[in-house]
Amino acid sequence: MSIATPETASLQSFAPAMPRRDRLAFRVGGTTFGLFSNDEMVMALDPGLVDFQIEPAQSDIEIEVSWTDRLELPTGDPLFNSGGLWRLFAESGGYRFYFSTSFLGNFPYKAGWFDPRFRRGKLVLFRPYFDPVKPICPLEYPLDELLMIHRLACGEGVETHAVGIVDDAGRGHLFLGHSGAGKSTTARLWRSESNAHVLSDDRIILRARDGRIWMYGTPWHGDAGIASPGCAPLSRIYLLEHSSKTELVGLAPGRAAAELFARSFVPHHSPEGLQFTLRFLDRVAREIPCSIFRFLPDRSAVEAICRESA
């Protein structure tokens, strides 16, 4: 069985004007991220992104990385406060993420400005908090995923809380679920009981391509630790529920769209992003059959899906 690979998007990109001393690139969900630095900096990708790395070229999202010796949080209210590592502010005709932790000190350790369409950005690292001798991972989690979510909301697609399975026939099956619903269990079952390819056990990107809905693997895996850069056309959607028996219950498109939205990652501070996401998920729910999948964690769960797809 062969798994499709994403095509490079043909969107306008921001090209750095100065010579590059270092450059990295990776592709997730059909979107290419490019990192370059003109400072004395050795950059690296997080280990989870290595399988998604590509040869450097002009990218859909171009990000310049540099050092700074001064970095403070703004005094105004953020658009969004995660309650953890990051906050988002409207700033300079775009958006700026600030990352901080009391473990390091009182100042943010990183900040990144991005234009409203998330096509170009500038990332600054607070030099005193980093060892300049060691390789730096500028887009360490969660910034890599945050950029993906915001870029998708600009009219390109949606990231879902789901497992993606590609069966022997190349058909894509999306198993949606909140934490604890059985996504990692489902991924392990399919790996052990079939020849299927698992794209991810926790995060799957949906996009429209060539008149169809496609699903893409991501590096942001769950407990099973499964992540693949492959993709496949989406054939069916299932909402996972633990049960004492295995059964499928069909869902009407309206209910399916609502359930999809509840298991998607959306920038709620963006009215335009929300509107696009709702329209896109409505299309997905109308085009792709969706069912509640109540299952036992054994071979019967895999067999039920195979019968349904035959």
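Residues numbered from 1 in each chain as written. Predicted model: local features only at pLDDT ≥ 70, side-chain atom pairs only at ≥ 80, totals over all residues. Heavy atoms only, no water.

## Some remarks on the packing of aromatic side chains
At step 1: Enumeration over the complete set of coordinates arrives at 18 aromatic pairs.
At step 2: Aromatic pair tyrosine 95 and phenylalanine 118: ring centres 5.7 Å apart, planes at 15 degrees, arrangement stacked. Separated by 23 residues along the polypeptide, tyrosine 95 in strand S6 (residues 94–99) and phenylalanine 118 in the loop between strand S7 (110–114) and strand S8 (120–126) bring together distant segments of the chain. Accessibility classification places tyrosine 95 together with phenylalanine 118 in one group, the buried group.
At step 3: Ring pairing ties together the aromatic residues Phe80, Trp86, Tyr95, Phe97, Phe99, Tyr109, Phe114 and Phe118, which thus form one cluster.
At step 4: Over the ring of phenylalanine 99 we find lysine 110; its NZ or CZ atom is 5.0 Å from the centre of that ring.
At step 5: Lying over the aromatic face of tryptophan 214, arginine 209 brings its terminal NZ or CZ to 3.7 Å of the ring centre. (Phe/Tyr/Trp six-rings, centres within 6.5 Å; stacked < 30°, edge-to-face > 60°. Helix = DSSP H or I, 4+ residues; strand = E, 2+ residues; numbered from the N terminus. Buried < 20%, exposed > 50% of the residue type's maximum accessible area, 1.4 Å probe, protein only. Lys NZ or Arg CZ within 6 Å of the ring centre and 35° of its normal.)

## Things to note about the pattern of salt bridges
At step 1: Summed over all chains, the structure comprises 22 salt bridges.
At step 2: One salt bridge in this structure joins lysine 183 and aspartate 202, with 3.7 Å as the shortest N-O distance. One end of the pair, lysine 183, is in helix H2 (residues 183–193); the other, aspartate 202, is in the loop between strand S11 (197–200) and strand S12 (203–209), with 19 residues separating them in the sequence.
At step 3: Between glutamate 287 and arginine 283 there is a salt bridge; the shortest N-O distance is 2.8 Å. Remark: arginine 283 and glutamate 287 occur in helix H4 (residues 271–287); sequence separation between them is four residues, near one turn of the helix.
At step 4: What makes arginine 283 partly exposed here is its relative accessible area of 25%. (Salt bridge = Lys/Arg side-chain N within 4 Å of Asp/Glu carboxyl O.)

## Re helix H5 (residues 299–309)
At step 1: Taken together, the buried positions of H5 are occupied by Ala301, Val302, Ala304, Ile305 and Ser309. Down the axis, H5 shows its buried residues gathered within 160 degrees of arc, on one side only.
At step 2: Looking at the buried residues of H5, the elements they touch are strand S10 (172–176), H2, strand S14 (231–242), strand S15 (247–250) and strand S17 (290–295). (Arc of directions from axis to C-beta. Contact = heavy atoms within 4.5 Å.)

## A short note on the sheet that holds strand S1 (residues 22–28)
Backbone hydrogen bonds hold the strands of a sheet together, and the pairing may be parallel or antiparallel.
At step 1: With respect to topology, eight strands assemble into an open sheet ordered S1-S2-S3-S8-S7-S6-S5-S4, the strand pairing being mixed. This sheet does not close on itself; its edge strands, each paired only once, are S1 and strand S4 (80–81).
At step 2: Relative to S7, S6 runs antiparallel, the two being bridged by five bridges. Residue pairing for S7: arginine 96 is matched across the bridge by tryptophan 113. (Pairing = 2+ DSSP bridges.)

## Side note on the side chain of aspartate 202
At step 1: Given a relative accessible area of 12%, aspartate 202 falls into the buried group.
At step 2: If near-sequence neighbours (up to four positions away) are discounted, aspartate 202 is found in contact with Thr160, His161, Ala162, Lys183, Trp220, His221 and Gly222.

## Here's the deal with the layout of surface pockets
At step 1: Of the volumes computed, that of the largest pocket is approximately 260 Å³.
At step 2: Together, 15 residues line the largest pocket, and Phe80, Trp86, Leu146, Ile149 and Val266 are the ones closest to its centre.
At step 3: Listing elements by their share of the lining of the largest pocket, those giving two or more residues are helix H1 (143–152) and strand S16 (264–265).
At step 4: The element that contributes the greatest number of residues to the lining of the largest pocket is H1, accounting for four residues.
At step 5: The residue makeup of the lining of the largest pocket, split by class, is nine nonpolar, four polar and two charged.
At step 6: Space inside the second largest pocket adds up to approximately 200 Å³.
At step 7: Lining the second largest pocket we find 14 residues, and of these Pro116, Cys154, Ser270, Glu272 and Gly273 sit closest to its centre.
At step 8: It is H4 that provides the largest number of residues to the lining of the second largest pocket, a total of four residues. (1 Å grid on protein atoms, 1.4 Å probe; cavity = no way out; pocket = protein on both sides within 12 Å on 5 of 7 lines; lining within 4 Å. Points joined across faces, edges and corners; volume = space filled by probe spheres on them. Nonpolar A, V, L, I, M, F, W, Y, C, P; charged D, E, K, R; others polar.)

## So, the environment of valine 65
At step 1: Relative to the assigned elements, valine 65 resides in strand S3 (residues 61–68).
At step 2: Separated by 37 residues in sequence, valine 65 and serine 102 have C-alpha atoms that sit 23 Å apart.
At step 3: If we skip the residues at most four places from it in the chain, valine 65 touches Leu35, Phe36, Ser37, Asn38, Met41, Met43, Leu123, Leu125 and Pro138.

## Digging into the packing of helix H3 (residues 253–262) against H4
At step 1: At a minimum axis separation of 8 Å, H3 and H4 run at an interaxial angle of 130 degrees. In terms of axis orientation, H3 runs oblique to H4. Both H3 and H4 take part in a crossing whose hand is right-handed. Residue-level contacts link Pro253, Ala256, Ala257, Leu260 and Phe261 of H3 to Leu274, Thr277, Leu278, Leu281, Asp282, Val284, Ala285 and Arg286 of H4.
At step 2: Tallied by class, residues from the contact of H3 with H4 come to 10 nonpolar, one polar and two charged. (Axes fitted to C-alpha atoms, helices over the stretch in contact; angles between N-to-C directions. Parallel < 35°, antiparallel > 145°, perpendicular 65-115°, else oblique. Left-handed = near helix turned anticlockwise from the far one by under 90°.)

## Concerning the confidence of the model for the chain
At step 1: Averaged over all residues, the pLDDT of the chain equals 91, while 93% of them reach at least 70.
At step 2: In this model residues 5–21 is a low-confidence stretch, pLDDT under 50, and it forms 38 contacts with partners more than four residues away in sequence or in other chains. (pLDDT = per-residue confidence, 0-100.)

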